[in-house]
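# Close look at the chain arrangement
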Amino acid sequence: MNVLVVNSGSSTLKFQVIATDLERIGEDKDDRICRGEVEGIGGEAIIRIRYRSYPSRTLTAPLRDISATLEYLLRYIASDQSGVPEIRSTADVNAVGHRVVHGGEMFKESTLIDDRVLKGIEDCIDLAPLHNPTNIKGIQAARELLGKDVPQVAVFDTSFHHSLPEQAYLYAVPYHLYRRHRIRRYGFHGTSHRYVAFRYRATRGLPREQTNIITLHLGNGCSAAAIKGGFPVDTSMGMTPLEGLVMGTRSGDVDPAVVSIIARKEGLSASDIDMLLNTQSGLLGISGLTNDMRELQAELQEHDDRRVRLAIEIFCYRARKYIGAYLAAMGGADAVVFTGGIGENSPDVRARICTGMEWAGLQLDAAKNQETVGREGRISTDDSKLLAYAIPTDEELLIARDTVRVILGVPHPS
Ligand code: AMP
């Protein structure tokens, strides 16, 4: 089955075409045909597309919205110019898997999309006003372009966290707010946490029930999950993806009272502050320079800038604090797993986070940590009681696999 995986943001769209079926999933032999991303949707967009391991091509086109973008992509991939022989026409796309950010309390697993499900995703717009509308547009556009007979599946960022117990998902605010407005922790990055938990237990040959780990997704957005018996019992992102760890431009945890204090002192509205905490805070806000960890590390090396150092230190300290909290929440864990652009590629950040964790039995192997960049591997010493791993995430692969399983009615094992 050729599955088109669509991950649409407000002005960007990431996509992959992955050929997979139950046999290939079982043998871990899914075939990635092509992948790419589109930036600048709404204006003159830049399209990068890569067929297998050939060099990627860059194209530009005026693309007014998601619908125009998908139409362009499908037409291009199916054309002779693209050099993708597996897709000769849109009829060669057998299914579409969509990343959907918020599934609220309704969607506990990946779901075949019909009108009722689409309405359910619309009902969650309140919870993710920036993301769900774009995801819906992506679904509608794919339906129009490929026809209703091509099955589409929604894979939710929130659904893996449905196992959270009440003590972890309820906030200590008046309970009627939960009843009336579903104010609670939902958690995000679920597909990523689920994928690396699956890889961890595959690598160690463990059954799901013995998967007791803390996963740290450290990318532009960052979140931690406490996974006990294979399912999350806590996670750091909350009602929205703002809570928890320090991120590229997001503050993570702050005292909620600072919102009204900033409003008063700076004369800002609630939505101004929302914006401030989401887009001008985190690594960018502290350093005053950039949200990009790689650039911050280069700057620190070259100029030893105080605020750059602070940004990196606060980022790592917060992550370490969450590891400690989750060890307590879970009654101990077997491993800490790093993923995401920073978690996969920065031995320095991993080392800073794990510094002083010897009390918990966590001992990084300096050489292994240094050489495990962009690939899977154990980075703790042989006798470390709490293990540490770096595992590259692969949300698109999980979306393609879920799409196949949901269409065939096979419950997902991961
Ligand atoms: P993601 O959102 O998962 O794509 O991750 C993006 C973040 O990963 C950015 O802050 C990048 O600077 C960071 N990143 C990627 N490669 C490296 C690297 N080699 N060292 C440090 N940070 C990196």
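Preceding this paragraph is the structure being described.
Parameters and conventions
- Here, residues in each chain are numbered from 1, in the same order as that chain's written sequence.
- The predicted nature of this model means local features are confined to residues of pLDDT at least 70 and side-chain atom pairs, given and counted, to a pLDDT of 80 or more, with totals for whole chains, interfaces and linings taken over all residues.
- To obtain the side-chain values, all non-hydrogen atoms of the structure were included, while hydrogens and water were left out.
- Residues belong to a common nonpolar core when they are buried Ala, Val, Leu, Ile, Met, Phe, Trp, Tyr or Cys residues joined through side-chain atoms within 4.5 Å.
- In this scheme, a residue with accessible area under 20% of its type's maximum is buried, one over 50% is exposed, and one in between is partly exposed, where area comes from a 1.4 Å probe on protein chains only.
- Strands here mean DSSP runs of E at least two residues long; helices mean DSSP runs of H or I at least four residues long; both are numbered from the N terminus.
- We call two residues in contact when some of their heavy atoms are within 4.5 Å.
- For this analysis, a ring pair means two rings from Phe, Tyr or Trp (six-membered ring only for Trp) whose centres lie within 6.5 Å, classed as stacked if their planes differ by under 30 degrees, edge-to-face if by over 60, and tilted for the remaining angles.
- Angles run from 0 to 180 degrees between N-to-C directions of axes, and those axes are lines fitted to C-alpha atoms, restricted for helices to the stretch in contact.
- Comment on the angle field: the value is read as roughly parallel under 35 degrees, roughly antiparallel over 145, roughly perpendicular from 65 to 115, and oblique elsewhere.
- We call a crossing left-handed when the near helix sits turned anticlockwise from the far one by less than a right angle, and right-handed when that turn is clockwise.
- Residues were grouped as follows: Ala, Val, Leu, Ile, Met, Phe, Trp, Tyr, Cys and Pro as nonpolar; Asp, Glu, Lys and Arg as charged; and all remaining residues, including Gly, as polar.

Here the focus is the nonpolar core. Judged by nonpolar contacts, the single largest core of 42 residues is most densely connected at Leu-218 and Phe-315. Elements that contribute at least two residues to this core include exactly β9 (213-218), β10 (222-228), α11 (293-303), α12 (306-330), β12 (335-339) and α14 (347-354). Ranked by residues supplied to this core, first place goes to α12 with 11 residues. Apart from residues lying up to four places away in sequence, Leu-218 is in contact with Leu-245, Phe-315, Phe-338, Thr-339, Gly-340, Gly-341, Ile-342, Gly-343 and Ile-353. Membership of the second largest hydrophobic core comes to 31 residues, among which are Leu-13, Ala-61, Leu-74 and Leu-146.

What follows is about the side chain of Asp-234. Note on placement: Asp-234 falls in strand β11 (residues 231-235). Judged by its relative accessible area of 17%, Asp-234 is buried.

This brings us to the environment of Tyr-195. With respect to the helices and strands, Tyr-195 occurs in helix α7 (residues 190-204). The buried category is assigned to Tyr-195, whose relative accessible area is 9%. Separated by 203 residues in sequence, Tyr-195 and Leu-398 place their C-alpha atoms 6.7 Å apart. Beyond its immediate stretch of four places on either side in the chain, Tyr-195 contacts Pro-392, Thr-393, Asp-394, Leu-397 and Leu-398.

As a further point, take the packing of aromatic side chains. Within this structure, the stated rule accounts for nine aromatic pairs. Ring geometry for Phe-107 versus Phe-156: centroids 4.6 Å apart, planes at 5 degrees, classification stacked. One end of the pair, Phe-107, is in the loop between β6 (95-100) and β7 (111-112); the other, Phe-156, is in strand β8 (residues 152-156), with 49 residues separating them in the sequence. Like Phe-107, the residue Phe-156 is buried in the burial classification. Geometrically, the ring pair formed by Tyr-322 and Tyr-326 is edge-to-face, given 5.6 Å between the ring centres and 80 degrees between the ring planes. Remark: Tyr-326 and Tyr-322 occur in helix α12; sequence separation between them is four residues, near one turn of the helix. Residue Tyr-322 is classed as buried on the basis of its relative accessible area of 13%. Members of the aromatic cluster, connected to one another through ring pairs, are Tyr-169, Tyr-175 and Tyr-178.

Moving on, we get to the packing of α12 against α14. Close contact between α12 and α14 brings their axes to 8 Å; oriented N to C, the two are set at 55 degrees. By the angle between their axes, α12 is oblique relative to α14. Every pair of crossing elements has a handedness; the one defined by α12 and α14 is right-handed. Across from Ile-312, Glu-313, Phe-315, Cys-316, Ala-319, Arg-320 and Ile-323 in α12, the residues of α14 making contact are Val-349, Arg-352 and Ile-353. Here the residues of the contact of α12 with α14 are counted per class, giving seven nonpolar, no polar and three charged.

That is the geometry; function is a separate question.
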